[in-house]
Every structure is written in structure tokens, then in C-alpha cells.
Amino acid sequence: MKTYRHTLAGDETTIHALETDDDARRAREWLTATQPRSLAIDTETTGLDTFSRGHRLRTVQYGTGDVAWVVPFERGPAFEDLSRTVVTKCPELVIHNAAYDLLVLDRHGVAPLEQVAPRVRDTKILAHLCDSRQDFEGGVGISLKPLSAWYVDPSAPDTQAGLTAVFRTYGLTKATGWAGIPYEDETYQRYAGLDSLLAYRLRPHLERELERHGIPSTLVEFEHRLMTICAAMERRGMLLDVPYTEALVDRLEEERARFAERAARYGVENVNSDRQVVDALLGMGESWEERTDGGAMSVAKEVLLPMADLNGKWERLEVRTPNPLADAVLRAKRSSKWRKSYALAMLENRDIHDRIHPKINTLGAKTGRASVSDPPLQQLPSKGWEIRRSVIAEPGMAYFSVDQSSVELVVLAALSQEPRMCQAIRDGRNLHDHTATLMFGEGFTQYQRGLAKIAGLGTSYQGGAKTLAKQTGLEVEVMRDTLTRYARAYPGIKRWARGLQSHALRNGCEIRTPSGRRLVLDRDKLYKAVAYMCQSTARDTMGQALIDLEAKGLTQYLNLWVHDEVLGTAPVGGVEAIAREVAGIVRMDLFGVPIGTDAEVYGRTWAGGYGLPSEWAVR
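Source: prediction; values computed, not measured. Within each chain, residue numbers correspond to sequence positions counted from 1 in written order. pLDDT decides what is reported in this predicted model: residues at 70 or higher carry local features, side-chain atom pairs at 80 or more are listed and counted, and totals for whole chains, interfaces and linings draw on all residues regardless. Each side-chain value is derived from all of the structure's non-hydrogen atoms; neither hydrogens nor water enter the calculation.

Caption draft 1: Molecular detail of the overall build of the chain. Along the chain, the regular secondary structure elements total 23 helices and 20 strands. Relative to a compact globule of 619 residues, whose C-alpha radius of gyration would be 25 Å, the chain shows 26 Å and is just as compact. Partly exposed residues are those whose accessible area sits between 20% and 50% of the maximum for their type, while under 20% is buried and over 50% is exposed, using a 1.4 Å probe and protein chains only. Looking at the 619 residues of the chain, the share that counts as buried comes to 55%. Every residue pair with non-hydrogen atoms within 4.5 Å of one another is taken to be in contact. Taking the intrachain contacts of the chain between residues at least 6 apart in sequence as the baseline, contacts between residues at least 24 apart amount to 67%. Here a strand is any run of E in DSSP of at least two residues, a helix any run of H or I of at least four, and the numbering for each starts at the N terminus. We take the radius of gyration over the C-alpha atoms and set the globule estimate at 2.2 Å times the residue count to the 0.38 power.

Caption draft 2: Geometry of the sheet that holds strand β1 (residues 2-8). Here, a strand pair is defined by DSSP locating no fewer than two bridges between the strands. An order of β1-β2-β5-β4-β3-β6-β7 is seen for the seven strands of this open sheet, with the pairing classed as mixed. In the strand order of this sheet, the two ends are held by β1 and β7 (120-122), each with one partner. Here the average twist between neighbouring strands, direction ignored, is 25°. Two elements, β1 and strand β2 (residues 11-17), share seven bridges in a ladder whose sense is antiparallel. Considered in β2, the bridge of Leu8 is made with Asp11. With respect to the sheet, helix α5 (residues 123-130) is in contact with β6 (92-95) and β7, its orientation differing from that of β7 by roughly 45°. Axis lines are fitted to C-alpha atoms, over the contacting stretch for helices. Their N-to-C directions set the angle, which ranges from 0 to 180 degrees.

Caption draft 3: The arrangement of the pattern of salt bridges in detail. Salt bridge criterion: a side-chain nitrogen from Lys or Arg within 4 Å of a carboxyl oxygen from Asp or Glu. All chains considered together, the criterion is met by 39 salt bridges. In this structure, the salt-bridge partner of Glu186 is Arg190, at a minimum N-O distance of 2.7 Å. Here Glu186 and its partner Arg190 are both found in helix α9 (residues 186-213), four residues apart, which amounts to about one turn of the helix. The salt bridge involving Arg355 is made with Glu394; its shortest N-O contact spans 2.3 Å. Highlighted residues: Arg355 in strand β9 (residues 355-356) and Glu394 in the loop between β12 (391-392) and β13 (397-404), separated in sequence by 39 residues. Take Glu394: its relative accessible area is 24%, and that puts it in the partly exposed class. Here the salt bridges do not stand alone but share partners, grouping Glu223, Arg517, Arg539 and Asp540 into one network.

Caption draft 4: Here's a closer look at the state of the cysteines. Throughout, disulfides are identified as pairs of cysteine sulfur atoms within 2.5 Å of each other. Overall, the coordinates contain zero disulfides when judged by the stated rule. Just so you know, Cys130 is unpaired, no disulfide at all, and the nearest cysteine sulfur is the one on Cys509, 18 Å from it. Owing to a relative accessible area of 2%, Cys130 belongs among the buried residues under this scheme.

Caption draft 5: Quick look at the packing of α5 against α9. In contact at an axis separation of 9 Å, α5 and α9 are set at 30° when each is read in the N-to-C sense. Between α5 and α9, the angle is such that the two are roughly parallel. In this structure, α5 crosses over α9, and the sense of that crossing is left-handed. The residues of α9 that touch α5, namely those facing Thr123, Leu126, Ala127, Leu129 and Cys130, are Ala199, Leu202, Arg203, Leu206, Glu207, Glu209, Leu210 and His213. Roughly parallel covers angles under 35 degrees, roughly antiparallel covers those over 145, roughly perpendicular covers 65 to 115, and oblique covers all other angles. For any pair of crossing helices, the crossing counts as left-handed if the nearer helix is rotated counterclockwise from the farther one by less than a right angle, and right-handed if it is rotated clockwise.

Caption draft 6: Broad picture of the nonpolar core. Among the nonpolar cores identified, the biggest contains 179 residues, and Tyr62, Met421, Leu546 and Trp561 are the most heavily contacted of them. Sequence-distant contacts of Trp561, defined by excluding residues within four places in its chain, comprise Leu226, Cys230, Met233, Ile360, Thr362, Ala370, Val372, Arg539, Met542, Gly543, Leu546 and Val566. Buried Ala, Val, Leu, Ile, Met, Phe, Trp, Tyr and Cys residues that are joined via side-chain atoms within 4.5 Å together make up what is termed a nonpolar core. With 24 residues, the next largest nonpolar core counts Val268, Val277, Met297 and Val329 among its residues.

Caption draft 7: Focus on the pairing of strand β17 (residues 565-571). Along β17, six of the seven residues are buried, which leaves the element largely enclosed by surrounding structure. Note that β13 and β17 share seven bridges and pair antiparallel. Residue pairing for β17: Val402 is matched across the bridge by Val566. Across four bridges, strand β16 (residues 558-562) lies against β17 in antiparallel orientation. Within β17, the residue paired with Leu560 across the bridge is Leu567. In textbook terms, the turn of a hairpin is the stretch between consecutive antiparallel strands, and for β16 and β17 this stretch comprises two residues, one of which, His563, has a positive phi near 55°.

Caption draft 8: Spatial organisation of helix α16 (residues 419-426). For α16, the set of buried residues is Met421, Cys422, Ala424 and Ile425. Viewed end-on, α16 has its buried residues packed into an arc of 160°, placing them on one side of the element. Each element contacted by the buried residues of α16 is listed here: α15 (407-416), α17 (431-440), α20 (476-489), α21 (491-506) and β19 (593-595). Between the side-chain oxygen at the start of α16 and the backbone nitrogen of Arg420 there is a gap of 2.9 Å, and the oxygen is on Glu418. Of the residues one or two after α16, Gly428 is the one with positive phi, at around 75°. To be clear, the arc concerns the directions from the helix axis to the C-beta atoms. Counted as a polar contact is a pair of N or O atoms within 3.5 Å, where, for protein atoms, one must be capable of donating a hydrogen and the other of accepting one, and residues adjacent in sequence contribute only when both atoms are in side chains.

Caption draft 9: Structural detail: the environment of Ile547. Here Ile547 lies in helix α22 (residues 529-551). The class of Ile547 is buried, set by a relative accessible area of 5%. Here the alpha-carbon distance between Ile547 and Glu209, two residues 338 residues apart in the chain, equals 26 Å. When neighbours within four sequence positions are excluded, Ile547 is seen to be in contact with Phe222, Arg225 and Ile229.

Caption draft 10: Looking closely at the packing of aromatic side chains. Only rings of Phe, Tyr and Trp enter the pairing, Trp through its six-membered ring, and a pair is recorded when the two centres are within 6.5 Å. The plane angle decides the type: under 30 degrees is stacked, over 60 is edge-to-face, the rest tilted. Applying the stated criterion to the full structure yields nine aromatic pairs. Plain terms: the ring middles of Tyr244 and Trp616 are 5.7 Å apart, the flat faces sit at 85° to each other, and that makes the pair edge-to-face. Of this pair, Tyr244 sits in helix α11 (residues 242-264) while Trp616 sits in the segment after β20 (597-603), placing them 372 residues apart in sequence. One aromatic cluster is present, formed by Trp30, Tyr62 and Trp69 through successive ring pairs. For Arg388, the ring lying beneath its charged end belongs to Trp606, and the centroid distance is 5.0 Å. In this scheme, the term charge over a ring applies when either NZ of a lysine or CZ of an arginine sits within 6 Å of the ring centre and within 35 degrees of the ring normal.

Here it is in C-alpha cells:
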């Protein structure tokens with residue numbers, strides 16, 4: 001056994017790195033003698049791709065605030081049994097970013113997710129509820145290292161930074177180091193033990209912060225239940241059509257080369273060279289004001305899309321002649337990204353059963369909005385079928401989707417209690433038609449209806465005239481007039497927004513959502529209060545729906561949560577009934593305003609609801 005000493009906040013702490021079966025026996029004796037009611041738990045693995053074929057659990061470490069034990073799980077039965085005893089027998093476990101470690105422990109046979117999760121307190125969840133801002137945004141952050149530096153000991157060593165240098169001494173990279181570094185390495189063992197010491201010491205600080213800010217315990221429990229539900233979805237995963245995806249890799253490369261060749265005709269030899277793209281666009285007569293942080297002219301996606309006459313959903317705006325270079329650059333870059341981030345990533349990270357397991361971060365944004373990664377499926381275009389076609393259902397099963405209808409606008413109406421808007425929703429009227437009538441009269445055109453829709457979504461997310469003009473390609477004056485008409489149609493929204501901003505200013509730039517979530521705004525961006533409140537509340541309605549679905553035993557059918565939608569699979573013979581039942585539970589009232597739902601059955605592939613051509617159907 002190797003033993004190391006660390007001083008944390010003036011206290012001497014001890015890290016024991018086990019090496020032999022006799023060491024495992026001594027660690028058990030410590031457990032018997034101390035009978036800890038609570039332990040911090042952490043794991044070290046070969047990488048973050050938990051379900052990939054080569055993934056291994058290397059160590060399980062546990063401890064209190066004074067002593068930590070690093071158990072080399074990879075070294076055989078004595079260490080496996082010790083790890084299993086700690087995880088299954090300790091009354092309470094403290095874990096930072098629990099979803100990851102719980103799934104690792106489940107995947108490698110230490111203990112099932114459902115058995116361990118009810119006994120876990122996740123310090124990452126607690127930190128997010130205290131202050132969801134990252135350290136570079138004026139908050140403390142939600143990662144273990146900045147939190148520990150703030151609350152536990154500012155001089156606590158960042159051993160992860162040291163590990164990167166150690167990897168190089170073994171001829172390893174950051175990607176291969178976690179799998180290849182020898183267990184005996186001192187920095188590796190210190191890193192493992194220190195994390196459990198820090199997590200244990202961090203928890204009481206965060207709990208005091210929760211009490212100081214008056215965060216309701218119900219919200220803490222809500223987030224832990226939601227984390228467990230989504231971890232189970234990640235574990236379930238989705239079946240990959242491997243032959244289709246392998247062919248997709250080649251098609252995307254051909255598509256990238258075709259658009260890169262088109263860009264080369266306009267003098268852009270490298271679509272990733274901002275300088276070449278800028279010079280060529282200026283030479284074609286384009287002009288724009290957007291700049292990068294370094295002061296150079298920006299050619300970011302949101303700048304090029306309007307030039308190509310496209311909106312954020314890659315749909316034609318029909319407001320200008322598309323610039324062929326902007327279009328070519330956008331499509332070449334998208335093909336390259338889709339190939340690497342989706343097609344190749346899904347093939348490389350699939351499990352032995354050809355299933356992919358996208359990670360659902362239930363607290364992915366400051367507002368609490370969830371995100372999806374590995375691959376980032378939430379970023380797919382709303383009308384794109386090519387990537388979604390890779391995801392198929394098992395034989396005899398079919399995909400279904402349930403989403404909340406116009407949830408951003410419904411939440412805006414419910415929170416503001418704007419009477420005309422609330423009544424239109426209660427009456428079941430088409431809200432965009434109703435809004436267009438109020439803004440332009442009974443004889444509104446389809447173009448004007450589109451403006452009404454843009455104004456509603458822009459208001460709920462506080463997009464000003466300039467921002468909406470960039471997104472839509474329309475003139476700033478057109479958008480300014482549109483927003484003015486919208487404010488006249490629904491005056492209650494503007495009154496509520498002003499009141500919300502005034503409240504934030506009086507309360508240290510802080511607002512509280514109906515669930516009790518604390519959101520902190522930048523002082524010079526109080527206008528974001530409406531967007532934060534709407535986005536966070538909409539997220540919480542779907543979170544509550546997932547908890548209600550779990551209570552009814554229906555989350556067993558769910559595979560993914562993306563914003564206001566849940567995706568699931570069910571037996572073909574019962575899929576429509578199950579989709580209807582899920583939709584019925586997701587449907588709810590928010591302050592007297594109904595949040596409706598839409599249910600749709602897609603068939604054997606997720607792409608079935610996204611315009612899948614018949615020739616690409618699953619055979």
C-alpha cells in the first residue's frame with residue numbers, strides 16, 4: 001500500500017492507494033471500525049465513452065474529508081468485491097457529476113443504477129442550484145476544481161493539469177493517457193484520492209449555500225430524480241444501423257469535397273480559412289459588421305446563413321439571392337462536422353450490441369435547460385433526416401415522439417398572464433394566426449403570419465430587432481416594426497417583462513423561477529430575464545413530465561430527451577396507444593394555461609418523422 005499526505009484547509013489528510021489483497025483486507029477493517037454513514041465516491045476509467053467496446057473501469061475511490069482509499073478495480077476479485085461492498089452498503093454517497101459514475105458502476109457490474117442513485121447526493125447538482133454560472137461568467141463554476149478552490153482550499157493542487165504532463169512522459173496523449181498510465185504512478189493515485197476528499201469536503205459548503213439562498217429542498221430532490229431518469233435513458237441507448245452509417249461516412253466526405261470544390265471556384269482553397277472566405281466575400285460585394293473577439297470580420301455560421309438566404313433551420317428565407325460562396329462554405333463545413341461528430345462518432349462509440357448511448361446532461365445550461373452530447377443530437381436541423389436515419393428500432397418495435405406544442409409561447413403567456421394570449425390558448429386557437437390577426441388584421445398574409453411567429457419566439461427569447469434581422473435576413477426596420485406591433489397586440493407581456501427586470505435590479509440581478517430556481521443575470525443584460533425565465537420554466541415542465549412518466553412506469557419506453565420532445569420505442573402493435581398515453585401525461589396546465597402535446601409514430605427509424613424519402617426506408 002502506498003500512502004500519501006495532503007494538507008487541505010490546514011488539515012492533514014491521507015490517501016491510501018491499495019496494491020495487494022492484504023491491502024484490501026485492511027481497507028475493509030477500516031470500514032468495519034469506522035462504520036461511515038456517508039462516503040464520497042469517484043471512479044477512474046479509460047475514457048468518457050462509457051458504453052464503447054473497449055471501455056474499462058480502472059479504480060474506485062472512496063473516503064471522508066480526512067482519508068481516501070484508492071481501489072484498483074482492474075486488478076481482480078478482491079478489489080472488485082471491496083468496491084461492491086462500499087457502493088452497495090454505505091447509507092449515503094457523495095458524487096460529483098453522479099450520472100457518469102453511476103453509469104460506470106452499473107456498466108461494469110459494481111451495482112445497478114436504480115439501487116445506488118436514491119442514496120446519492122450530487123455536488124454538481126447542488127452547485128448548479130446555488131449559482132449556475134461558470135467561473136468565467138462571474139460565478140464560482142460547477143466543476144469540482146474551481147468549486148474546491150473557492151469553498152474548500154484555494155491552494156488545493158490541480159492534479160489533473162499535472163497528469164497531462166505525466167501522460168507525455170509515458171508517450172501518451174490526453175486521449176490515450178487515462179487508459180495507458182500505470183496504476184502505480186504517484187500523480188495518478190494522488191489525483192484519484194484527492195477528488196473524493198474534495199467532494200466530501202465540498203458538500204457541506206454547498207448545502208449551507210442552498211440554505212442561505214433559500215433553495216427549496218423539493219427542487220434538490222427534483223433534480224436528483226431527473227438525473228436518475230435520464231441516466232437510465234442513456235443506459236438504454238438506441239440501435240445503430242451500422243451499414244447505413246458506414247455508407248453515410250463516405251457520402252458526407254463526397255459531399256464535403258463537392259462543396260469545397262465549389263468554394264474553390266471563388267478563390268477559397270480552404271473553407272476553414274476565415275481570411276480567404278472574408279476576402280472572397282468582400283470581392284463579391286458582400287458587407288457586414290460582425291466581428292470576432294479579436295476584431296477580425298466574422299464568418300461564423302450565423303453570419304453566413306443570411307448571406308446564403310437560409311435561416312437557422314437551413315430553410316430558404318426567400319429574401320435575397322443566395323450567395324453561392326456562403327452557401328458552399330456552410331455546406332462543406334456542415335458535411336465535415338456531420339461526418340466527424342455524428343457518423344464516425346456513433347460508429348466508434350457504439351457498444352457490443354451496436355447501440356449508441358447519447359449523454360443527457362440534465363443541467364446543460366445556466367437556465368437548467370438539458371443538453372445532449374456524444375453525439376450532440378439536439379443540434380440536428382429540425383427538418384434533417386440523414387443523421388437520424390442512422391438510428392433504428394429493433395425488429396417488431398417502432399419509434400414515437402411526443403412534444404409540447406409551442407411551449408415557449410405558452411410559457412410566455414402563462415408567466416406574463418397576458419389575457420388575450422392566455423384566452424387564445426385556452427380556446428384552442430392557432431396562436432400564430434391569432435397573433436397575426438391582432439398585428440395585421442383579419443386579412444393577414446402568410447408572410448405576415450411568419451412575422452407574427454418570429455415576433456413571438458423572439459420575444460420569448462428576448463431577441464431584439466437587430467438579432468432577429470440577422471437570423472431571418474430581413475431588414476432591421478421590418479423587425480423593429482414587427483416587434484412594435486407584437487407589443488401592441490400583447491401589452492401584458494411588455495408590462496411583465498419590465499416588472500421582471502426591475503425586480504432583478506432590486507435583487508442583485510437575481511430572479512427566481514416558479515420552481516424556486518435561482519438565476520443570476522449580468523447587470524448590463526437584464527433584458528435576458530424574460531428569456532431565462534421562459535427557457536428555465538419550459539425545461540422544468542418537461543422535467544416534471546418525465547418524473548410523472550416514471551411514476552406511471554412509462555419511462556421504460558423512452559430513449560432520449562431533446563428540449564421539448566421525448567423520443568421512445570414501443571412494440572409496433574401498441575406504439576400508438578403508448579404514444580397517446582405518454583402525450584396525456586406530458587400535457588399539463590401552467591398557471592391556468594394548458595400546455596398541449598403532439599404525438600407521432602415514426603416507424604422503424606427516427607428519420608420517419610423528418611421527411612425520410614421512401615428509397616431510404618428501413619428494409
